[in-house]
Amino acid sequence: MTGDRPPGEAATLVVVNIGQLVTGDPRVRAPGVVEDAVLAASGDRITYAGPASGLEVAIGPETIEVDAHGAAVIPGFVDAHTHLVWLGERSEEYALRAAGASYEEIAEKGGGIRSTVAATAAGTLDELITATRERARRMLRLGTTTVEIKSGYGQSLAAELRQLRAARGLGTEPDLPDVVTTYLPLHGLPDSDRAVYLEGVLGEGLAAAAPLAGFVDCFCEIGAWDVAECERLLVAAGAHGLRAKVHAEQRTHSGGSALAARVGAVSADHLDHATDGDLRGLAAAGVTGVLLPGASMVLGGPPPPGRRLLEAGVTVALATDCNPGTCWCESMPLMVSLGVATAGLAPAEALLAAPAGGAAALGLGDRGRLLPGLRCDALVLDTSRWLDVGYHLGANPVAQVIAAGRLVGP
Ligand code: NIG
Ligand code: FE
């Protein structure tokens, strides 16, 4: 079982009386369920995750004990795709789309990404950080213990860097999710000449962003950036130590997933219009597929290819895409529901795609499952059944959040 640990180590945190512990251990009944279980941590690491009967953890006066009273405990969610740093709002577009306008028509009339770039530029850094912090707090309360945050609403070097700095600042604050940052310089189109802008990104942009980000991303789409432009960015970014991500096949078949496979990207995201050949290419290259079923639902179009990705042998992640245009949503539990209802995933597959799939999409081998040696990011639910995470639509099933071995809320 999953209970190996170095002998003699005192637990700093122990969760007892767990009805169902979702470990993500593939050797145990999916999604790695252990009944009548205990979870223990020493510092930020898990030291024991297994049956209460096998418990070998030393409990001392310093140990914080959490009684789950029979509730289920699952891994903290890793939301691997968000555009969390923005100001302003686009509720009018929401109404326009409901009346039949398309995402592209709205963008052509000056709405879309461009309007968020303007609203974000009009606010102070403090306002930007405050707005982002509120969203990150909502995410933590909904069980997200790690969040990826992209730039992309800057479209000038200085404004993109300001977004990255705002995101990284939040990562150092207590009681918020752990933050991973992504430089997304090719998102909407700039007001200036696109070729000149791209040259600036490849030179000054990458050099300045590299210390502030772990990844680089691009919106590879008709009406945004083409495959050749995106490929230049991703290849140049590799020389700066930034791993590649691609917004691929979201609105049309753009060629973004073949690009992701070619450059060895860590993830290809959206994939609504991906072909089976694309998915085989992602599998062969070891690229994680990130599904954003909230954005797919809001914009309409084909269902997210969850089942097809799994059949092709691709690791699947579910993420919110939280942004003011296509999916204002902080809820990973809702993404689990949509993963089952719209993407063809089984409940156990969807539940693990949210934490373990998200960790794979961020190249984080230290989290996403509840196994000894990994970071202790765990959620005590308000229900005895892990199935309720997806089954109870639109609810928040999270009663207590443990991040890096510490009780942080809600
Ligand atoms: O992931 N596709 C591009 N970017 C976002 C939408 C950004 C926006 O409309 O503000 C997305 O859906
Ligand atoms: Fe996105």
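Residues numbered from 1 in each chain as written. Chains lettered and ligands numbered in written order. Predicted model: local features only at pLDDT ≥ 70, side-chain atom pairs only at ≥ 80, totals over all residues. Heavy atoms only, no water.

Moving on to the confidence of the model for the chain. In this model, the chain carries an average pLDDT of 96, and 98% of its residues clear a pLDDT of 70 or more. Segment residues 1-7: pLDDT under 50, and 19 contacts once partners within four positions in sequence are set aside and those in other chains are kept. (pLDDT = per-residue confidence, 0-100. Contact = heavy atoms within 4.5 Å.)

Now for the pairing of strand β7 (residues 144-150). Judged by how many residues are buried, β7 sits mostly within the fold: 7 of 7 residues are covered. Across 5 bridges, the pairing between β7 and strand β8 (residues 178-186) is parallel. Across the sheet, residue Glu148 finds its bridge partner in β8, namely Val180. (Buried < 20%, exposed > 50% of the residue type's maximum accessible area, 1.4 Å probe, protein only. Helix = DSSP H or I, 4+ residues; strand = E, 2+ residues; numbered from the N terminus. Pairing = 2+ DSSP bridges.)

Turning to the pairing of strand β3 (residues 45-51), a few remarks are in order. Of all 7 residues in β3, 5 are buried; the element is thus mostly enclosed. One ladder, built from 6 bridges, connects strand β2 (residues 33-42) with β3; its direction is antiparallel. Pairing of Val38 across the sheet is with Gly50, part of β3. Linkage of β2 to β3, two consecutive antiparallel strands, is achieved through a turn of 2 residues, within which Gly43 is found at a positive phi near 65 degrees.

Only His81 (NE2), His83 (NE2), His247 (NE2) and Asp321 (OD) from the protein coordinate the iron ion (ligand 2), and they sit 2.1 to 2.5 Å from it. Of note, the iron ion (ligand 2) draws all its donor residues from one chain, in the sequence arrangement H-x1-H-x163-H-x73-D. A residue pair is termed long-range when its members are at least 10 positions apart, and His83 in the loop between β6 (77-79) and α1 (91-98) and His247 in strand β10 (residues 243-248) qualify at 164 residues. Looking at His247, the relative accessible area reads 3%, which means it is buried. (Donors = N, O, S within 2.8 Å, 3.2 Å for Na, K, Ca; no water.)

The next subject is the nonpolar core. Residues Ile74, Leu233 and Leu282 are the most contacted members of the largest nonpolar core, which totals 104 residues. The leading source of residues in this core is helix α13 (residues 347-361), at 8 residues. Both of domain 1 (10-75 + 369-409) and domain 2 (77-361) provide at least three residues apiece to this core. Contacts of Ile74, omitting those with residues within four sequence positions, involve Val22, Leu351, Leu370, Asp377, Ala378, Leu379, Leu381, Trp386 and Val389. Counting 20 residues, the second largest nonpolar core, distinct from the first, contains Leu21, Ala41, Ala49 and Ala68. (Core = buried A, V, L, I, M, F, W, Y, C linked by side-chain atoms within 4.5 Å. Domains from an automatic or database assignment.)

In the vicinity of ligand 1 lie 15 residues, with Arg90, Tyr103, Tyr153, Gln250 and Thr326 positioned nearest. Between ligand 1 and His247, the relevant distance is 3.3 Å, taken from an oxygen atom to a side-chain nitrogen or oxygen of the residue. Starting from 330 Å² of accessible surface for ligand 1 in isolation, the protein chains cover 100%. Here the shell around ligand 1 is composed, by residue class, of 4 nonpolar, 9 polar and 2 charged. (Near = heavy atom within 4 Å. Polar contact = N/O pair within 3.5 Å; in protein donor to acceptor, adjacent residues only side chain to side chain. Areas by Shrake-Rupley, 256 points an atom, 1.4 Å probe, with all protein chains shown as cover. Nonpolar A, V, L, I, M, F, W, Y, C, P; charged D, E, K, R; others polar.)

The next point concerns unusual backbone geometry. Cis geometry is found at the peptide bond from Ala30 to Pro31, where omega equals 0 degrees. Within the fold, Pro31 resides in the loop between β1 (13-22) and β2. Phi angles above zero are rare outside glycine, and Asp36 is one such case at about 50 degrees. With respect to the helices and strands, Asp36 occurs in strand β2. One non-glycine residue, Ala404, adopts positive backbone phi at about 50 degrees. Summarising the element assignment, Ala404 is placed in the loop between β15 (398-403) and β16 (406-409). For Ala404, a relative accessible area of 25% gives the class partly exposed.

With respect to the helices and strands, Thr132 occurs in helix α4 (residues 125-141). The exposure class of Thr132 is buried, given its relative accessible area of 0%. Ignoring sequence-local partners within four residues, the contact set of Thr132 consists of Leu84, Val85, Trp86 and Leu170.

Scanning all chains against the criterion turns up 21 salt bridges. A salt bridge links Arg307 to Glu349; its shortest N-O distance comes to 2.3 Å. With Arg307 in helix α11 (residues 306-312) and Glu349 in helix α13, this pair connects stretches of sequence that are 42 residues apart. We note a salt bridge from Asp388 to Arg385, for which the minimum N-O separation is 3.0 Å. Owing to a relative accessible area of 9%, Asp388 belongs among the buried residues under this scheme. (Salt bridge = Lys/Arg side-chain N within 4 Å of Asp/Glu carboxyl O.)

The next thing to look at is the domain arrangement of the chain. For the chain, the domain assignment lists domain 1 (10-75 + 369-409) and domain 2 (77-361). If you average the C-alpha positions of domain 1 and of domain 2, the two centres end up 30 Å apart. Taken together, the contact between domain 1 and domain 2 spans 25 residues of the former and 19 residues of the latter. Of the roughly 1,700 Å² buried where domain 1 meets domain 2, counting both sides, 72% is carbon and sulfur surface. (Buried area = accessible area lost by both parts, 1.4 Å probe.)

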